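# Summary of structural features
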Amino acid sequence: MNTPARHSLAVLGAGPVGLEAAAAALELGFDVHVFERGEVGAHLRGWGHVRMFTPWTMNVGPATARLLKANGWTAPPADECPTGDEFADRVLLPLAATPELKGRVHTHEQVVQVSRRATLRHERIGDPARADEPFRMLVRNAGGHESLIHAFSLIDATGTFGTPAWAGTGGIPGRNEQYLAPQMSYRPDDVLGLRRERHAGKRTHVVGGGASAATTVVALAKLAAEVPGTSVVWATRGTEADAGGVVNDPLPARAALFAAARALREGSDPAIAWFGGAEIEGFEYNTGTHKYRVTFLCGGQPRIEEVEQVVLNVGYVPDHSITAGLHAHFCWATGGAMKLSAALLGSEAGADCMVAPEGGAGVLAHPEPDYFVIGAKSYGRNSAFLLRTGYQQAADALAALAPSALGR
Ligand SMILES: Cc1cc2nc3c(=O)[nH]c(=O)nc-3n(C[C@H](O)[C@H](O)[C@H](O)COP(=O)(O)OP(=O)(O)OC[C@H]3O[C@@H](n4cnc5c(N)ncnc54)[C@H](O)[C@@H]3O)c2cc1C
C-alpha cells in the first residue's frame, strides 16, 4: 500500500464493526486492508465469558453474513445470545479467514499514529486539498518492526475496551490508582472460570453501576453460593437501588441482568453489600496482609473498605492519540465523534441503544476529508452503543467515501 490507489481504504481494528466495514467495502470495490493490533476480535476475547444481551440476528452484520454465506457458513440459531468468545469463534474468525479477506486482515499490526503525507496538522485548514495526499500510518508489528502504510480513505473502528476509565472521583486516577492499576481488574472478571481462584473465599470490592459491574457482581453472588467466605462490597456513584436498565426492556437477557443486580442491591443476598453515592479517593495495598484499603467519600463522609480484590468496572474511554495528526473532531464531554455526540445529546438514541441515531454519514463526518470513526469508539463514553448501529455506520461511511474513492 505504499503507493496507494485512489480506492485504497485502511480500516483500523478487526472487531465486529471494522470487519463488517471491510466486508461491505469489498462488495463496493474498495482495495481494503484491516490493521489489528492483537488477534481478530481481541476486545471480545477480553469479555469472552460474558453472554451478550443481543441475539445472533442482531449481532451479525449484513455484509458479514453475505460473505460468510457465500463461503458455506451456516447461521447460528437466530434468537440465541452468544458469549463474546462464541461470537468471535463462529463469526469473526471465519470471516477473516475467507479467501476474500484473508491477506487483507493484518493481525498484530498496531496503528501507532496517523497523519496526512507531507501535510502538518496545522496546514490546509478547512481545505479540501488535504484529500490530495493519502493518509500515512505508522504501523508497528509484534516484533517492534515499524512500517509506513498509505491509503486514501480511513475508517477508525478501534473501539474503547482497550482504555478503561479511571475510577477516581471526577474521572481522574484516584490516589495510587495508576501505580496499583496493573494488579487490580478493570474488566468484567471471569469469576466463575479463569479468575475463580482469585475471588473464591475472598472479599472483593466492585465499583461501577453499569452492565459490566452488574455482570461481575451477579457472577460473584453465584460464586459466593458455591464457596463459603466469598463476599462482595459493591459501590456505585448512583444512590438508587433500582438504577440501571431500561424500562420495558425489549432485550430479555439485559432485563434479567438488571433485575438480578437490583435484587442484590436491595439486600437479597447477605454475601453482597451495596452502597451508593460513593466517590473514590484512593487505594492502598498492604504487602504484608495482601489487602487493599479503598478510601471513599460517601455522601460527603469518609469511608474505608478493606478487601482482598478490587474490580473497577467504571466504563471505557476512546484513545485519541492515534489520530492526533488529523483534523478529527471529538466531543469534549463524551470523547465520541463530535456531530454524533451532539445528535445523541438529549435524544432518545443517546439513552436507549435500541434507537438508532439520525443523521447518517453527516453526523459521522469530521473536518478531515475521507475519514470516519465508527463502532463503539464513535460513541465515546456513551454506553448506548449497539453493534446494529455500528453496521449501519459502516454502510453510511462507505457510501460517503464512494464518490471520491470509486468515482461514483
Ligand atoms: C462486556 C460487554 C458486553 C457487550 N454486549 C453487547 C451486546 O450484547 N450487544 C451489542 O450490540 N453490543 C454489546 N457491547 C458493546 C459493543 O458492541 C462491543 O463493545 C463491540 O465489541 C464493539 O465493536 P467495535 O468493532 O466497535 O470495537 P471492538 O470490538 O472494541 O474492536 C476494536 C478492535 O480494534 C483493535 N485496536 C485498538 N486499537 C488499535 C490500534 N491502535 N491499531 C490496530 N488495532 C487496534 C482492538 O484490538 C480491537 O480488536 C458489549 C460491550 C461490552 C464491553
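The protein chain is annotated in an unreviewed UniProt entry as Flavoprotein from Eiseniibacteriota bacterium.

Over its 20 residues, helix 13 (residues 387-406) runs 27 Å from end to end, which matches the ideal 28 Å to within 8%, given 1.5 Å per residue. When the local axis directions of helix 13 are compared, the greatest deviation, roughly 30°, occurs at A400, which is followed within four positions by the proline P403. Two residues or fewer after helix 13 comes G407, characterised by a positive phi angle close to 70°.

A few words on the environment of A400. Mapped onto the secondary structure, A400 falls in helix 13. You can call A400 partly exposed: its relative accessible area is 36%. Separated by 40 residues in sequence, A400 and G360 have C-alpha atoms that sit 9.4 Å apart. Once residues within four sequence positions are removed from consideration, A400 is found in contact with A361 and F372.

For the rest of this paragraph, the subject is the packing of helix 8 (residues 211-226) against helix 9 (residues 252-265). The description of two helices packed together rests on the angle between their axes and the distance between the axes. Between helix 8 and helix 9, the least distance of the axes is 9 Å, while the angle of their chain directions is 65°. By the criterion of interaxial angle, the relationship of helix 8 to helix 9 is roughly perpendicular. Note on packing geometry: the crossing formed by helix 8 with helix 9 is left-handed. Each of A211, A214, T215, V217, V218 and A221 in helix 8 lies in contact with helix 9, whose residues at this interface are L257, F258, A260, A261 and L264. Of the residues in the contact of helix 8 with helix 9, the class split is ten nonpolar, one polar and no charged.

In this structure, L9, F30, F87, V91, V105, I155 and I374 are the most contacted members of the largest nonpolar core, which totals 56 residues. Mapped onto this core, the elements with two or more residues apiece are strand 1 (8-12), helix 1 (16-28), strand 2 (31-35), helix 3 (56-59), helix 4 (62-70), helix 5 (84-96), helix 10 (338-344) and helix 13.

Bringing the sheet that holds strand 5 (residues 135-141) into the picture now. The strand order across the open sheet formed by three strands is 4-5-6, and the pairing between neighbours is antiparallel. Strands at the two margins of the open sheet, each flanked by one partner only, are strand 4 (109-116) and strand 6 (146-151). Sheet twist, expressed as the average angle between the axes of neighbouring strands with direction ignored, equals 25°. Sheet analysis places strand 5 next to strand 6, joined by six bridges and oriented antiparallel.

Our focus in this paragraph is the site of the ligand. Near the ligand you find 27 residues, and of these E36, H43, F53, T54 and L387 are the closest. Here an oxygen atom of the ligand and a backbone polar atom of V17 are 3.0 Å apart. When the ligand is considered free in solution it has 990 Å² of accessible area, and contact with the protein chains removes 92% of it. Among the secondary structure elements, those contributing two or more residues to the shell around the ligand are helix 1, helix 2 (42-46) and strand 4. Looking at side-chain class alone, the shell around the ligand contains 16 nonpolar, eight polar and three charged residues.

Domain annotation for the protein chain reports domain 1 (8-162 + 316-406) and domain 2 (169-312). Domain 1 and domain 2 are separated by 31 Å when their C-alpha centres are compared. The contact between domain 1 and domain 2 buries some 1,000 Å² in all, and 68% of this surface belongs to carbon and sulfur atoms. If you sort the residues of domain 1 by the area they bury against domain 2, H49, F53 and Y316 come out on top, with a joint share of 48%. Where domain 1 packs against domain 2, one counts zero salt bridges. Linking domain 1 to domain 2 there are three residue pairs in polar contact (both at pLDDT 80 or more). Its residues placed into classes, the side of domain 1 that touches domain 2 shows ten nonpolar, three polar and one charged.

Analysis parameters
- Residues numbered from 1 in each chain as written.
- Predicted model: local features only at pLDDT ≥ 70, side-chain atom pairs only at ≥ 80, totals over all residues.
- Heavy atoms only, no water.
- Helix = DSSP H or I, 4+ residues; strand = E, 2+ residues; numbered from the N terminus.
- Expected span 1.5 Å × (residues − 1).
- Bend = angle between axes of the 7 residues up to and from the residue.
- Buried < 20%, exposed > 50% of the residue type's maximum accessible area, 1.4 Å probe, protein only.
- Contact = heavy atoms within 4.5 Å.
- Axes fitted to C-alpha atoms, helices over the stretch in contact; angles between N-to-C directions.
- Parallel < 35°, antiparallel > 145°, perpendicular 65-115°, else oblique.
- Left-handed = near helix turned anticlockwise from the far one by under 90°.
- Nonpolar A, V, L, I, M, F, W, Y, C, P; charged D, E, K, R; others polar.
- Core = buried A, V, L, I, M, F, W, Y, C linked by side-chain atoms within 4.5 Å.
- Pairing = 2+ DSSP bridges.
- Near = heavy atom within 4 Å.
- Polar contact = N/O pair within 3.5 Å; in protein donor to acceptor, adjacent residues only side chain to side chain.
- Areas by Shrake-Rupley, 256 points an atom, 1.4 Å probe, with all protein chains shown as cover.
- Domains from an automatic or database assignment.
- Buried area = accessible area lost by both parts, 1.4 Å probe.
- Salt bridge = Lys/Arg side-chain N within 4 Å of Asp/Glu carboxyl O.

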